[in-house]
Amino acid sequence: MTTLACIIRPSTPPSRVIPLSRAVEAAGIEEIWLWEDCFQTGGISAASAILAATDHVRVGIGVMPTPLRNVALTAMEVATVDGMFPGRLIPGIGHGVQSWMAQVGAKAGSPLTLMREYATTLRALLAGERVTTSGRYVTLDDVRLDWPPARPVRVPVAATGPKSLRLAGEVGDGVVLEGSVGLVGLPAALERVAEGRAAAGRQAEDFSVVQFVSGGTGPGSAERLRAELTDWGQDVADDERLAGYAVWGDALALADGVRRFGAAGADTVAIQPTADDPDLVRLAEVLGEARELLSRD
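What counts, and at which threshold
- Residues numbered from 1 in each chain as written.
- Predicted model: local features only at pLDDT ≥ 70, side-chain atom pairs only at ≥ 80, totals over all residues.
- Heavy atoms only, no water.
- Helix = DSSP H or I, 4+ residues; strand = E, 2+ residues; numbered from the N terminus.
- Contact = heavy atoms within 4.5 Å.
- Axes fitted to C-alpha atoms, helices over the stretch in contact; angles between N-to-C directions.
- Parallel < 35°, antiparallel > 145°, perpendicular 65-115°, else oblique.
- Salt bridge = Lys/Arg side-chain N within 4 Å of Asp/Glu carboxyl O.
- Buried < 20%, exposed > 50% of the residue type's maximum accessible area, 1.4 Å probe, protein only.
- Core = buried A, V, L, I, M, F, W, Y, C linked by side-chain atoms within 4.5 Å.
- Phe/Tyr/Trp six-rings, centres within 6.5 Å; stacked < 30°, edge-to-face > 60°.
- Expected span 1.5 Å × (residues − 1).
- Arc of directions from axis to C-beta.
- Lys, Arg positive; Asp, Glu negative; His and termini not counted.
- Polar contact = N/O pair within 3.5 Å; in protein donor to acceptor, adjacent residues only side chain to side chain.

### Remarks on the environment of Ala275
Along the chain, Ala275 turns up in the loop between β11 (268–272) and α11 (280–294). Each C-alpha atom of the pair Ala275 and Arg224 lies 9.0 Å from the other, and the pair is 51 residues apart in sequence. The residues contacting Ala275, other than those within four sequence positions of it, are Arg9 and Glu228.

### What to know about the packing of helix α2 (residues 43–53) against helix α3 (residues 71–84)
Axis separation between α2 and α3 bottoms out at 11 Å; the angle between their running directions is 5°. With respect to α3, the element α2 is oriented roughly parallel. Within the contact between the two elements, α2 uses Ile44, Ser48 and Leu51 and α3 uses Glu77, Val78 and Val81.

### Some remarks on the pattern of salt bridges
Tallied over the entire structure, the rule returns 20 salt bridges. Two residues, Arg9 and Glu228, come together in a salt bridge whose shortest N-O distance is 3.0 Å. In this pair, Arg9 is assigned in the loop between β1 (3–7) and α1 (14–26) and Glu228 in helix α8 (residues 221–231), connecting sequence segments 219 residues apart. Residues Arg9 and Glu228 agree in their burial class; the two are buried. Arg241 serves as the salt-bridge partner of Asp238, at 3.7 Å between the closest nitrogen and oxygen.

### Considerations on the nonpolar core
Within the largest apolar cluster, 75 residues are counted, with the highest numbers of intra-cluster contacts made by Leu34, Ile93, Leu122, Leu126, Val175, Ile271 and Leu287. Broken down by element, this core gets its largest block of residues, eight residues, from helix α5 (residues 111–126). The residues touching Ile271, leaving out its near neighbours within four places in the chain, are Leu4, Ala5, Cys6, Ile7, Val213, Gly215, Val247, Val258 and Leu287. Val176, Val210, Phe212 and Ala270 belong to the second largest nonpolar core, which has 11 residues in total.

### A look at the packing of aromatic side chains
Pairs of aromatic rings are described using the distance from one ring centre to the other and the angle between the two planes. Evaluation of the coordinates by the stated rule reveals two aromatic pairs. Relative to Phe212, the ring of Trp33 has its centre 6.2 Å away and its plane inclined at 70°; by these criteria the two rings are edge-to-face. Note that Trp33 is positioned in strand β2 (residues 31–34) and Phe212 in strand β9 (residues 208–216), a separation of 179 residues in sequence. Take Trp33: its relative accessible area is 1%, and that puts it in the buried class. Ring geometry for Trp35 against Phe212: centres 6.0 Å apart, planes inclined by 35°, an arrangement best described as tilted.

### Structural notes on helix α10 (residues 251–263)
Over its 13 residues, α10 extends 18 Å from the first C-alpha to the last, a length consistent with the 18 Å expected when each residue adds 1.5 Å. Those residues of α10 lying buried are Ala251, Leu254, Ala255, Gly257, Val258, Phe261 and Gly262. Take α10 and look down its axis: the buried residues cluster within an arc of 160°, on one side only. Opposite its buried face, α10 presents the exposed residues Leu252 and Ala263, each directed more than 90 degrees away. If you follow the buried residues of α10, they end up packed against β1, α7 (182–200), β9, β10 (246–248), β11 and α11. Of the residues trailing α10, Gly265 is marked for its positive phi of about 125°.

### Digging into the side chain of Asp277
Considering the arrangement of structural elements, one finds Asp277 in the loop between β11 and α11. Salt bridges are absent for the buried Asp277, whose nearest opposite-charge side chain, Arg224, sits at 4.0 Å. Among the polar contacts made by the side chain of Asp277, one reaches the main-chain amide nitrogen of Asp279 at a distance of 3.0 Å. Other than its neighbours up to four places away in sequence, Asp277 contacts Gly216, Arg224 and Leu283.

### So, the environment of Ala243
Along the polypeptide, Ala243 turns up in the loop between α9 (239–242) and β10. Look at Ala243 and you get buried, because its relative accessible area is 18%. Each C-alpha atom of the pair Ala243 and Pro152 lies 36 Å from the other, and the pair is 91 residues apart in sequence. Beyond its immediate stretch of four places on either side in the chain, Ala243 contacts Leu183, Trp248, Arg260 and Phe261.

Now the structure itself:
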C-alpha cells in the first residue's frame, strides 16, 4: 500500500507544530514530513520535538540543505535523534534553494559535486564507518561517530533536474520529489532515477520514492489549491489539470487521488496543505479517513 503522509510546512508557527503533529498521529497517518526553508522552522529541531511529543508516527525531513550544514554535524544530529527514537526519523538532504544559499554565503559552485560528496560521506558515517576524505567541499580526517545508529538510517535525496535525479538514484536511499513534478512528470523523473541506480549497481527494492502533492478538503479547497499552484507557475486552469498536481475533496476523493500517484510510482504520497488552509486539523482527520479506505485495497 502507498504510504500516506501529511506535511507540516515550515511557515507553520512553531507553537502550532506539536498540536498539529498530535492530530496527525491521532488520525492514524503514518508519517509527517517537514522541510527547511530560509528562514523559518529548522528541520532537526522540529522533528525532534514532534518525535518526543508523539508515540509512533515517523518524521521525514524533506529536506535539509547540504550547503547549510557540515556533514559531520548532520551525522551527529541524525544519529542522536535516531538513538532516542529508533527508526522514526527519515533525514532527507537536498541542494537548497540557490538564492537563499547565496544569501547566507553558502552557495556551492557545483551543487552536484557537493551532493555526491555529502551523501556518500553522510551515509558512511551513519553506518558507523571511520571516514577520511578530502573533496572539493567535504573534508574529514579520521571521523567516526561515537554513537552511530544501531540500524541503517535511510537518507533520501531531493531532486528535480535530470542530473540531480540520476545522482539521487546513485547516492541516495530514496528520492524526494517536490510538487512541481506532478503526475505528468513522475514517469520521466523515475526513469532518470533508475538510470542512476543502474549506473551504481544498486537494487530498485532498496529505494523509495516520496512525492509531495498539494492537497485540501472542505469548502473552497480546489480554489485555494489552484491559486497557490498558479502562483508557483503551474497550468491548473481546470480541474483536470489541477488533478495532475493536487488532490482535494472528501476522504474518498483524497484516497482516489493518492491511488493515482501511487500507481504512477510514488511509494509515499505526502499531502501538502496550502499556506492559507483554514483548518489543518480537519485536513489531518480527513486524510486519516482516506488512509483507512486505502488500507482496504
